[in-house]
Amino acid sequence: MGSEAIIVFFIAGVVMVAGANFLSNLISHKSDNPQKREPYESGMVTKGSTWVQFKVGYYLFAILFLIFDVEVAFLVPWAVVFGDIGGVAFFEIIIFLVILGLGLLYAWKKGALKWE
């Protein structure tokens, strides 16, 4: 019973996604004009080349931000149920925060947090 249900759910998911894409292409308004293909930034036409290289440090900084931002997504539910779970949850979250702290220390030692 279990494997058949998984196959049915998988097929249903594929059919629903493919159907939604097909229906979207079928009923969407299509417009093809030169103005649509112009590059812009913040609603303004760009001046000069639009191919600008960014420093890798910016991407690394953004990824680090996301990692520590997602940490809050784990801390908030933990804080909500902390009273119900008890002391075990406290030690588990301490381990979680120590691992994140070690990651932050590693990034700091590698110089990933320097904004240059």
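Residues numbered from 1 in each chain as written. Predicted model: local features only at pLDDT ≥ 70, side-chain atom pairs only at ≥ 80, totals over all residues. Heavy atoms only, no water.

A.B. asks: Describe the overall build of the chain, with residues and values.
C.D. replies: Each helix and strand counted, the chain has three helices and two strands in total. In sequence order, the secondary structure elements of the chain are arranged as α-β-β-α-α. Against the globule reference of 13 Å for 116 residues, the chain gives a C-alpha radius of gyration of 24 Å, more extended than a compact globule. Seen through its principal axes, the chain has C-alpha atoms that stretch 65 × 55 × 25 Å. Restricting to contacts in the chain with at least 6 residues of sequence separation, those with at least 24 account for 52%. Here the chain displays about 10,600 Å² of accessible surface, and carbon together with sulfur accounts for 72% of that area. Averaging the locations of the 8 positively and 9 negatively charged side chains of the chain gives two centres separated by 15 Å. (Helix = DSSP H or I, 4+ residues; strand = E, 2+ residues; numbered from the N terminus. Rg over C-alpha atoms; globule rule 2.2 N^0.38 Å. Contact = heavy atoms within 4.5 Å. Areas by Shrake-Rupley, 256 points an atom, 1.4 Å probe, with all protein chains shown as cover. Lys, Arg positive; Asp, Glu negative; His and termini not counted. Charge placed at Lys NZ, Arg CZ, Asp CG, Glu CD.)

A.B. asks: So, the UniProt feature "transmembrane region" (unreviewed entry) in the chain: which residues are in play, and what are the values?
C.D. replies: Under the present numbering, the feature "transmembrane region" (unreviewed entry) in UniProt falls on residues 6-27, 56-79 and 85-108. Annotation note: span residues 85-108, helix share 96%, strand share 0%, distance between end C-alpha atoms 34 Å. (UniProt positions renumbered as here; feature names shortened; annotations may be inferred.)

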